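# Reading the structure
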Amino acid sequence: MFVSQKKSKINTEGGTLVVPAVSIGNVPQLAVDLLINTLRAPRIGVIDSPALTPISGPAGYDHLDADMRSMPLEIYQSEDEKWTIIQQRAPPLPKHHRIFARELVEYIKSSGFARVVVLASSDAALRTDALIDGSQIRTLSVNMTDGDLAQRLQDMSLGEQFGYTKDGSGLSKSLKQLHSAGVTRPLLELCDQAGISALSFISLVNEGDNIPDAISLANTVNTALGIAASDKIGQWVPPKSWQWLMPTNIPEELF
């Protein structure tokens, strides 16, 4: 259930929704951190879902009021209202991924989004031989009708790279190549069934220090879609919370 935190009317009709799937290395969440904090996008609401692990914490971004609490699933929007960006801070409960995916699809349909962009990461250790060479960011789409975007992805060498065919016959096989990718599989399946245009950027990573992977994913997504101004690429502003991502002062006695 969507709960608005904006006094004025929220406009999402015809816009694009960016969804980060809780995946290996938290790469999608970190990439979305860069988008939201750099854009200084205001939080317009939250989705209260019983399918997510309940959490609460301090405000996640530099531009938010200090008394605003972090929630399992927060929704932000750019000033021009073209881009609505989800930050998901908690994974679905065990065996609740498809339930959560259904809730997202209902929100997408009721809000009138024209397109969904799913950011995901997949375990590089389990990738097929065909995915070892070339870019470690791949794409997979369903019901995509934007010819200009498709051409732009081709120019970036990011055309369909999971063996998916336009007649839909390869979707199931392609999704089986995703590992530790969270809600990505059921969400793309349900978008395909509902006729929702969805494009997924999938980063093939190993778990560890995944900040470089997140920056690379944010750069790729922004180059393809133009969410932030072009001069922001390479000048991302990470939130203060990033200072706790990796340990800094390790006791020498451990070595």
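Located above this text is the structure these notes cover.
Every value quoted in this text rests on a predicted model; they were computed, and no experiment measured them. (Residues numbered from 1 in each chain as written. Predicted model: local features only at pLDDT ≥ 70, side-chain atom pairs only at ≥ 80, totals over all residues. Heavy atoms only, no water.)

### Some words on the nonpolar core
Within the largest apolar cluster, 38 residues are counted, with the highest numbers of intra-cluster contacts made by Leu73 and Leu187. If you tally residues by element for this core, the top one is helix H2 (residues 97–111), at 6 residues. Sequence-distant contacts of leucine 187, that is, excluding residues within four places in its chain, are made with Val19, Ala101, Leu104, Val105 and Val118. Counting residues in each nonpolar core, the second largest holds 34 residues, with Val32, Tyr61, Leu119 and Val205 among its members. (Core = buried A, V, L, I, M, F, W, Y, C linked by side-chain atoms within 4.5 Å. Buried < 20%, exposed > 50% of the residue type's maximum accessible area, 1.4 Å probe, protein only. Helix = DSSP H or I, 4+ residues; strand = E, 2+ residues; numbered from the N terminus. Contact = heavy atoms within 4.5 Å.)

### So, the pairing of strand S4 (residues 73–77)
Across the 5 residues of S4, 5 count as buried, placing the element largely inside the fold. Neither face of S4 is open: one carries Leu73, Ile75 and Gln77, the other Glu74 and Tyr76, and all of them are buried. Two elements, S4 and strand S5 (residues 83–88), share 5 bridges in a ladder whose sense is antiparallel. Paired with glutamate 74 across the bridge in S5 is glutamine 87. (Pairing = 2+ DSSP bridges.)

### Things to note about the side chain of aspartate 123
By the element assignment, aspartate 123 lies in strand S6 (residues 115–123). Within the buried set, aspartate 123 has no salt-bridge partner at all; the shortest N-O distance to an opposite charge, 7.8 Å, is to arginine 127. Residues contacting aspartate 123, with those up to four places away along its chain left out, are Ile24, His179, Ser180, Val205 and Asn206. (Lys, Arg positive; Asp, Glu negative; His and termini not counted. Salt bridge = Lys/Arg side-chain N within 4 Å of Asp/Glu carboxyl O.)

### Observations regarding H2
Taking 1.5 Å per residue, 15 residues should reach 21 Å; H2 reaches 21 Å between its end C-alpha atoms and fits that length. Looking at H2, one finds that the buried residues are Phe100, Ala101, Leu104, Val105, Tyr107, Ile108 and Ser111. Each buried residue of H2 lies within a common arc of 160 degrees when the element is viewed along its axis, so the set occupies one face. Looking one or two residues beyond H2, the residue adopting positive phi is glycine 112, at roughly 75 degrees. (Expected span 1.5 Å × (residues − 1). Arc of directions from axis to C-beta.)

### As for the sheet that holds strand S3 (residues 43–47)
An order of S1-S3-S4-S5-S2-S6-S8-S7 is seen for the 8 strands of this open sheet, with the pairing classed as mixed. If you trace the sheet from one side to the other, it starts and ends with strand S1 (2–4) and strand S7 (137–142), each paired once. Geometrically, the sheet is characterised by an average inter-axis angle of 25 degrees between neighbouring strands, direction not taken into account. Against the sheet, helix H1 (residues 27–39) touches strand S2 (16–20), S4, S5, S6 and strand S8 (198–205), its axis set at about 130 degrees to S5. (Axes fitted to C-alpha atoms, helices over the stretch in contact; angles between N-to-C directions.)

### A few points about the pattern of salt bridges
Taken as a whole and assessed by the stated rule, the structure comprises 6 salt bridges. Ionic pairing is found between glutamate 81 and lysine 6, a salt bridge with its closest N-O pair at 3.8 Å. Placement of the pair is glutamate 81 in the loop between S4 and S5 and lysine 6 in the loop between S1 and S2, with a sequence separation of 75 residues. The exposure class assigned to glutamate 81 is partly exposed, which follows from its relative accessible area of 26%. The structure contains a network of salt bridges with shared partners spanning Arg43, Glu74 and Arg89.

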